[in-house]
Amino acid sequence: MDPLYPALITEALKTVRYPGSGKNIVELDMLADDIRIDGQNVSFTIVFDKATDPFRASLLKAAEAAIKIQAPHANVVVNHAVRNGAPAPKKAPVLPGVKNIIAVSSGKGGVGKSTVAANLAVALAAEGYKVGLLDADIFGPSIPKMFGLEGSQLFMHNVDGRDLIIPAVQYGVKILSIGFLIDPDSAAVWRGAMASNALRQLIEQADWGELDYFLIDMPPGTSDIHLTLVQTVGITGSIVVTTPQRVAIADARKGIAMFRDDKINVPVLGIVDNMAWFTPEAHPEEKYYLFGNDEDVDALARDYSVPILARLPLVAGIGEHNDNGRPITLEPTATSQAFLHLAHEVIDAVDRRNNNLPPTEKVQVH
């Protein structure tokens, strides 16, 4: 990993041009003399002539991206100030009306994480709670299809002088997804910084309003997106979804370890054992253990002292309802009862966490 030095930072920022001027921000003397480098951590300040500069947000993002191109592993903090010495406008609080933020995660793809997130959101809304769902899976957004919202357009409105994105509302759940911003038939080929900035916008520049539960459907694994989320909001707790397969459980261990890392420190509310058995929809009393028994998931829960919130069956109807844009929890079936049970367990787990632990702080980058 190549060392960072001030000249590299300056050269990188010479590629960032102020719109309409034909000059870069270094030529315009917008780079303050405060470049700080500590290993792979770098910070600096961009100075604007007025606090209401219309290009402030885009220039800050462009400056961060320029450094990332030269030093992909750098942790970049871009500050901003006003040239006359007045303090920059105070940043609006993130999700001020949200009581609980829950990350629904998995160690690997294909374990039904998005299905769990979607049906959990619908189940909580059915219980009378105000619920939001953010599809943070930048490279594989599936929530729009599961809620019948493919092709939906985003609109904005002004709230207290700020233009905010209006989330879609379906089945009582407020929903935003990166899938609303891209062609569903095209791959999202984005650098990490671009994906992270898009995700921050869906969190910070959206009118989520008052919510009891804000669910985040995380991408599988551990990535830049996970770090972006814990640096943007204080996550109340995480739910780890796995199947009984040992390869899935091995990756679930990595996911739990990530949340419990001292620098992240997000409480793990519990584990969801998904596809625990196969049940023919016509014979709900029958169980066939296709992917293994309960022992390995039980061992995972014991090793990390976390509860198993629910064991969910593999039922053909779940996939059919996903494809039809109508989560199965909306139907009066035995499977929907399983998701309602999960919702009750999550409510209890969040209450226990809030009664015994202080609010989670978002990760600070120094």
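Because the structure is a prediction, the values reported are computed rather than measured. Positions within a chain are numbered from 1, following the residues in the order the chain's sequence is written. The predicted nature of this model means local features are confined to residues of pLDDT at least 70 and side-chain atom pairs, given and counted, to a pLDDT of 80 or more, with totals for whole chains, interfaces and linings taken over all residues. Just so you know, side-chain values use all the structure's heavy atoms and leave hydrogens and water out.

### What about the packing of aromatic side chains?
Here the distance between the centres and the angle between the planes together describe a pair of aromatic rings. Ring pairs are drawn from Phe, Tyr and Trp, using the six-membered ring of Trp, whenever the two centres fall within 6.5 Å, and their geometry is named by plane angle: stacked under 30 degrees, edge-to-face over 60, tilted for the rest. Tallying each qualifying case throughout the model produces six aromatic pairs. Summarising the aromatic geometry, the rings of Phe278 and Tyr288 are spaced 6.4 Å apart at their centres and angled 40° between planes, so their arrangement reads as tilted. Remark: Tyr288 occurs in the loop between strand E12 (268-273) and helix H8 (295-304) and Phe278 occurs in the loop between E12 and H8; sequence separation between them is ten residues. With a 1.4 Å probe rolled over the protein chains alone, any residue whose accessible area is under 20% of its type maximum counts as buried; one over 50% counts as exposed, and the rest are partly exposed. Phe278 sits in the partly exposed class, given a relative accessible area of 28%. In this description a helix means any DSSP run of H or I spanning at least four residues, a strand means any run of E spanning at least two, and both kinds are numbered starting from the N terminus.

### Let's talk about the sheet that holds strand E8 (residues 168-170)
What the eight strands build is an open sheet, ordered E8-E9-E5-E10-E4-E11-E12-E13; its pairing is mixed. The outermost strands of the open sheet, each flanked by one partner alone, are E8 and strand E13 (308-311). Neighbouring strand axes in the sheet, compared pairwise and without regard to direction, differ in orientation by 25° on average. Any two strands with at least two DSSP bridges between them are considered paired. Pairing of strand E4 (residues 98-106) with strand E10 (residues 211-217) involves six bridges; the strand directions are parallel. Bridge assignment links Ala103 to a residue of E10, and that residue is Ile216. Whether two residues are in contact is decided by their heavy atoms, any of which lying within 4.5 Å being enough. The angle between two axes is taken between their N-to-C directions and runs from 0 to 180 degrees, where each axis is a line fitted to C-alpha atoms and a helix contributes only its stretch in contact. Where helix H7 (residues 246-260) meets the sheet, it contacts E4, strand E11 (237-242) and E12, and its direction lies at approximately 170° from that of E11.

### Some thoughts on the packing of H7 against H8
Where H7 meets H8, the closest approach of the two axes is 10 Å, and the angle between their N-to-C directions is 15°. The angle between the axes of H7 and H8 places the two elements in the roughly parallel class. Crossing of H7 against H8: the hand is right-handed. Along the contact surface, H7 presents Arg246, Ile249, Ala252, Arg253, Ile256 and Arg260, while H8 presents Asp296, Val297, Ala299, Leu300, Asp303 and Tyr304. Any residue that is not Ala, Val, Leu, Ile, Met, Phe, Trp, Tyr, Cys, Pro, Asp, Glu, Lys or Arg is counted as polar, Gly included; the first ten are nonpolar and the last four charged. Class assignment for the residues of the contact of H7 with H8 results in seven nonpolar, no polar and five charged. An angle counts as roughly parallel when it lies under 35 degrees, as roughly antiparallel when it exceeds 145, as roughly perpendicular when it falls between 65 and 115, and as oblique in every other case. Here a crossing is called left-handed whenever its near helix is offset anticlockwise from the far helix by less than a right angle, and right-handed whenever the offset is clockwise.

### Here's the deal with the pattern of salt bridges
For this document, the term salt bridge refers to a Lys or Arg side-chain nitrogen within 4 Å of an Asp or Glu carboxyl oxygen. For the structure on display, the rule yields 13 salt bridges. Here Asp49 ties to Arg83 by a salt bridge, and the two come within 2.7 Å at their closest N and O atoms. Pair noted here: Asp49 is in the loop between strand E2 (41-48) and helix H2 (56-70) and Arg83 is in the loop between strand E3 (75-82) and E4, with a separation of 34 residues, a long-range link. On the basis of relative accessible area, Arg83 is assigned to the partly exposed category, the value being 37%. Each of the salt bridges in this network shares a partner with another, and the network as a whole consists of Asp273, Asp294, Asp298 and Arg311.

### Examining the sheet that holds E2
Here three strands make up an open sheet; going across it, the order is E1-E2-E3 and the pairing mixed. Strands at the two margins of the open sheet, each flanked by one partner only, are strand E1 (36-38) and E3. Each strand axis lies, on average, 15° off the axis of its neighbour in the sheet, ignoring direction. With eight bridges connecting them, E2 and E3 associate as parallel partners. Residue pairing in the sheet places Asn41 in a bridge with Asn75 of E3.

### Digging into helix H10 (residues 334-356)
A helix is expected to span 1.5 Å for every residue after the first. Taking 1.5 Å as the rise per residue, H10 with 23 residues should run 33 Å; its terminal C-alpha atoms sit 33 Å apart, in good agreement. Taken as a whole, H10 has its buried residues at Thr335, Ser336, Ala338, Phe339, Leu340, Leu342, Ala343, Val346, Ile347, Ala349, Val350 and Arg353.

### So, the nonpolar core
In this text, buried Ala, Val, Leu, Ile, Met, Phe, Trp, Tyr and Cys residues form a nonpolar core when linked through side-chain atoms within 4.5 Å. With 86 residues, the main nonpolar core has Leu133, Leu134, Phe147, Phe214 and Leu342 as its most contacted residues. In contact with Leu133, other than residues within four places in its own chain, are Ala117, Ala118, Ala121, Ile143, Phe147, Val173, Lys174, Ile175, Leu176, Trp208, Leu215 and Asp217. The next biggest cluster of nonpolar side chains, apart from the first, holds 23 residues, and it includes Val16, Leu59, Ala63 and Ala71.

### Looking at the layout of surface pockets
For each structure, a 1 Å grid was placed over the protein atoms alone; sets of points admitting a 1.4 Å probe that cannot get out are labelled cavities, open sets with protein on both sides within 12 Å along at least five of seven lines are labelled pockets, and lining residues have an atom within 4 Å of a point. Grid points are joined across faces, edges and corners, and a volume is the space filled by probe spheres set on the points. In this model, the second largest pocket occupies a volume close to 350 Å³. As for the second largest pocket, its lining consists of 19 residues, of which Ile101, Val233, Gly234, Pro359 and Thr360 are closest to the centre. Breaking the lining of the second largest pocket down by element, the ones donating at least two residues are E4 and H10. When residues in the lining of the second largest pocket are grouped by element, the largest group, four residues, is from E4.

### A word on the pairing of strand E5 (residues 131-135)
Of all the five residues making up E5, five are buried; the element is thus mostly covered by neighbouring parts of the structure. As defined by bridge partners, E5 adjoins strand E9 (residues 173-177) across five bridges and the pair is classed as parallel. Of the residues in E9, the one forming a bridge with Asp135 is Ser177. For E5 and E10, the ladder comprises five bridges, and the chain directions are parallel. Paired with Leu133 across the strands is Leu215, a residue of E10.

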